[in-house]
Amino acid sequence: MADISEKNSNASTPDVVEGVAGEKLSPEEPVARSAPVAQHGPKSGADAALQLLQETGGLHQALDPEVNRRLVRRIDKHIMPLICIIYFLQYIDKTAISYASVTGITESIGLQGNEFNWVASIFFFGQLAFEFPTIRLIQLFPLAKYASVNVILWGVTLACLAACKNYAGLLVCRFFLGVLEAAVVPAWVLFTSQWYTKEEQAFRVGIWFSTCGAAQMFGGFFAYGVATHVGKDPNAALRGWQIIFLFLGLLTVVMGIAFWFIMPDSPAVAGFLDKEQKGLHLERIRHNEQGIGSQTFKWDQVREALTDTMTWLYAFWIFAANVPNSIATSFGNILVRGMGYTNEESLLLVTPLGAWEIVALIGLTYGAMKTRQRLYFCIAGHIPAIVGAVLMATTERVPALIGYYTSGGIPIGWTTILGLQSSNVAGSTKKVTVACIGTIAYTVGNIISPQTFPARDAPRYLPAKISICIIYVLITIDLVVMRWVLDRRNKQRDQEKMALGNTYKPEENHEFLDLTDLQNREFRYEV
């Protein structure tokens, strides 16, 4: 390939610029510019899709709807199963501590006071510590290979929990489990944006995230079987909690190895697509205005991520919504037991929460895909959760249990945020930075979460339940603000384009220059 001179595709923007009608625009909304025709080769730091586009012809093609449907089915067949299985495992692996809490780990290790709370929390300290390094490693190494190494190692770490003999051993293993799972959310957001159009992403995120509900159901039934058949056997070689950690850990290792060999790092190297199909896929995702990723780390995109209003609206929702997250993870069984049920009953009674989560996530994200109104459907999913939080705080047994189940609608917000990060954040470095900040918010919320259930408040944990009611209202308001900001940006860009008329011409193949959503004036946000 001929040498290409480097050009700066990420032009700096003045602090204040004149809008199309003489209005002042904020720094995060730079004015539209006409652009020169694209060069014959990819610019320095451009998206990998640009080179692939040249190799496959580089022409805009009208994609036949039937061809597109067949291509999407092919992608779904090869990508979604592994994506879903690994996400299922990461959820059940990190929440296995909840099942261990009612299958003998407290008695075996001799945990006292709030020590179990810290065993639950320290996982997220590990995730927090490694989040910034992992975003650079995700860009530096092939995506699927890096993810698979993390999966294999976290499976080994989970299995090692079965050998722990004291409180310190549990803390060390749980910390490194968090370190190794730090890559999951940023990597899964990138996988989704590489393989699917904006219209398809919300539903696909809903599908792979709904496996958390399936994990809750499977985990409850599995732990119940272990508790009743092993936990009651005084001659068993292993305690129930040890079997849970060993089985899940070894299963994760096997699936991590499969992920290494089966999952492609990007569409450019996908063995299940031929050259023509790769070219068609690029045309499919062209209007995403994002490409398939660049390995060039760009500090200007980091700065933009840190100053973009939407980054912090996403982060607030993620942080606040995860402060009560222990009701579904490490404290789920304990909370249900506090409603007046036995250990074994609590293992079964948490499973409907997973079922409701699956129905809510798939149903609401499907509706969002069909109407392209993600945030309205997300807000609708929060209403039953608010009612459920009030029921948990004010009632006992069956009504409180129903309230516990309807709180399963809150994860629709998490899937919506992940989908918006995939669809609405452009620029490879900006995307992983925003995902990283979101994951940090997630970890901080989850670090705090178990501490809102101190032992002195057992068995009802009323202060925690009251805080859940308040938080659910606040995050619903946050969603309303998000939609207003995104809708306003779209309208401003439409007005700019109309005002400029024929004088504005976007650069050819600008979709694949690794521009951010704020730099690329052709970009439109999903709402």
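Here the structure is a predicted model, which means the values were calculated and not measured.

**A closer look at the overall build of the chain**
Next up, step 1: The helix and strand tally for the chain stands at 20 helices and 2 strands.
Next up, step 2: Taken across its 527 residues, the chain has 59% of its residues classed as buried.
Next up, step 3: Of the contacts made within the chain by residues no fewer than 6 positions apart, 85% connect residues no fewer than 24 positions apart.
Next up, step 4: A total accessible area of about 20500 Å² is found for the chain, and carbon and sulfur atoms account for 64% of it.

**Some words on the packing of aromatic side chains**
Next up, step 1: Counted under the stated rule, the structure contains 22 aromatic pairs.
Next up, step 2: For the ring pair phenylalanine 124 and tyrosine 442, a centre distance of 5.8 Å and an interplane angle of 75° mean the geometry is edge-to-face. Of this pair, phenylalanine 124 sits in helix α4 (residues 115-140) while tyrosine 442 sits in helix α19 (residues 428-451), and the two are 318 residues apart along the sequence. The exposure classification of phenylalanine 124 matches that of tyrosine 442, with both residues buried.
Next up, step 3: Each residue in the set Tyr87, Phe123, Phe124, Trp208, Phe209, Trp414 and Tyr442 is aromatic and connected to the rest through ring pairs, giving one cluster.

**Brief notes about a nonpolar patch on the surface**
Next up, step 1: Taken together, Phe316, Leu462, Ile466, Ile470, Val473, Leu474, Ile477 and Val481 make up a surface patch of nonpolar side chains, about 640 Å² in accessible area.
Next up, step 2: If one sorts the elements of the nonpolar patch by residue count, helix α20 (residues 462-500) sits on top with 7 residues.
Next up, step 3: Within the secondary structure, isoleucine 477 sits in helix α20.

**Quick notes on the confidence of the model for the chain**
Next up, step 1: Averaged over the chain, the pLDDT score is 83; the fraction of residues at 70 or greater is 85%.
Next up, step 2: Note on residues 1-42: pLDDT is under 50 here. Beyond four places in sequence and across chains, it has 75 contacts.

**Considering empty space enclosed by the protein**
Think of a ball as big as a water molecule: rolled over the atoms, this probe shows where empty space is left.
Next up, step 1: With the rule as written, the count across this model stands at 9 cavities of 30 Å³ or more.
Next up, step 2: If you add up the space inside the largest cavity, you get close to 380 Å³.
Next up, step 3: In terms of lining, the largest cavity is formed by 29 residues, of which the most central are Phe209, Asn322, Asn325, Pro411 and Trp414.
Next up, step 4: Residue assignment for the lining of the largest cavity shows that the elements contributing at least two residues are α2 (65-101), α7 (184-195), α8 (198-229), α12 (309-322), α15 (351-371), α18 (411-424) and α19.
Next up, step 5: Take the lining of the largest cavity: its biggest share by element is 4 residues, from α2.
Next up, step 6: Here the residues of the lining of the largest cavity are counted per class, giving 18 nonpolar, 8 polar and 3 charged.

**Examining the packing of helix α16 (residues 374-394) against α18**
Next up, step 1: Their axes nearest at 9 Å, the elements α16 and α18 cross at an angle of 165°. It follows that α16 is roughly antiparallel to α18 by the angle criterion. In this structure, α16 meets α18 at a crossing whose hand is left-handed. Here Arg374, Leu375, Cys378, Gly381 and His382 of α16 come into contact with α18, specifically with Ile412, Gly413, Thr416, Gly419, Leu420 and Ser423.
Next up, step 2: Each residue belonging to the contact of α16 with α18 can be placed in one class, and the counts come to 4 nonpolar, 6 polar and 1 charged.

**Describing α4**
Next up, step 1: Here α4 contains 26 residues, and its C-alpha end-to-end distance of 38 Å stays within 8% of the 38 Å for a straight helix at 1.5 Å per residue.
Next up, step 2: The largest bend along α4 measures about 50° and falls at glutamate 131, with the proline proline 133 one to four residues further on.

**Describing the pattern of salt bridges**
Next up, step 1: In this structure the tally under the stated criterion is 17 salt bridges.
Next up, step 2: For aspartate 265, the salt bridge is made with lysine 145, and the minimal N-O distance between the two is 3.5 Å. Here lysine 145 lies in helix α5 (residues 143-160) and aspartate 265 lies in the loop between α9 (240-262) and α10 (275-285), a separation of 120 residues in the sequence.
Next up, step 3: Take aspartate 265: its relative accessible area is 16%, and that puts it in the buried class.
Next up, step 4: Glutamate 396 is the salt-bridge partner of arginine 460, the closest N and O atoms lying 2.9 Å from each other. Of this pair, arginine 460 sits in the loop between α19 and α20 while glutamate 396 is found in the loop between α16 and α17 (397-406), placing the two residues 64 residues apart along the sequence.
Next up, step 5: Of the residues examined, glutamate 396 reaches a relative accessible area of 42% and is grouped as partly exposed.
Next up, step 6: Linked by salt bridges that have partners in common, Glu304, Asp308, Lys430, Arg489 and Asp517 make up one network.

**Structural notes on α5**
Next up, step 1: Along its 18 residues, α5 runs 26 Å from first to last C-alpha, staying within 8% of the 26 Å computed at 1.5 Å per residue.
Next up, step 2: By the burial criterion, the buried members of α5 are Leu143, Ala144, Tyr146, Ala147, Ser148, Asn150, Val151, Trp154, Gly155, Thr157, Leu158 and Ala159.
Next up, step 3: Among the structural elements, α2, α4, α6 (167-181), α7 and α9 are those in contact with the buried residues of α5.

About the criteria used
Residues numbered from 1 in each chain as written. Predicted model: local features only at pLDDT ≥ 70, side-chain atom pairs only at ≥ 80, totals over all residues. Heavy atoms only, no water. Helix = DSSP H or I, 4+ residues; strand = E, 2+ residues; numbered from the N terminus. Buried < 20%, exposed > 50% of the residue type's maximum accessible area, 1.4 Å probe, protein only. Contact = heavy atoms within 4.5 Å. Areas by Shrake-Rupley, 256 points an atom, 1.4 Å probe, with all protein chains shown as cover. Phe/Tyr/Trp six-rings, centres within 6.5 Å; stacked < 30°, edge-to-face > 60°. Patch = residues over 30% accessible without salt bridge, like charges linked within 9 Å, V, L, I, M, F, W, Y side chains within 5 Å. Salt bridge = Lys/Arg side-chain N within 4 Å of Asp/Glu carboxyl O. pLDDT = per-residue confidence, 0-100. 1 Å grid on protein atoms, 1.4 Å probe; cavity = no way out; pocket = protein on both sides within 12 Å on 5 of 7 lines; lining within 4 Å. Points joined across faces, edges and corners; volume = space filled by probe spheres on them. Nonpolar A, V, L, I, M, F, W, Y, C, P; charged D, E, K, R; others polar. Axes fitted to C-alpha atoms, helices over the stretch in contact; angles between N-to-C directions. Parallel < 35°, antiparallel > 145°, perpendicular 65-115°, else oblique. Left-handed = near helix turned anticlockwise from the far one by under 90°. Expected span 1.5 Å × (residues − 1). Bend = angle between axes of the 7 residues up to and from the residue.

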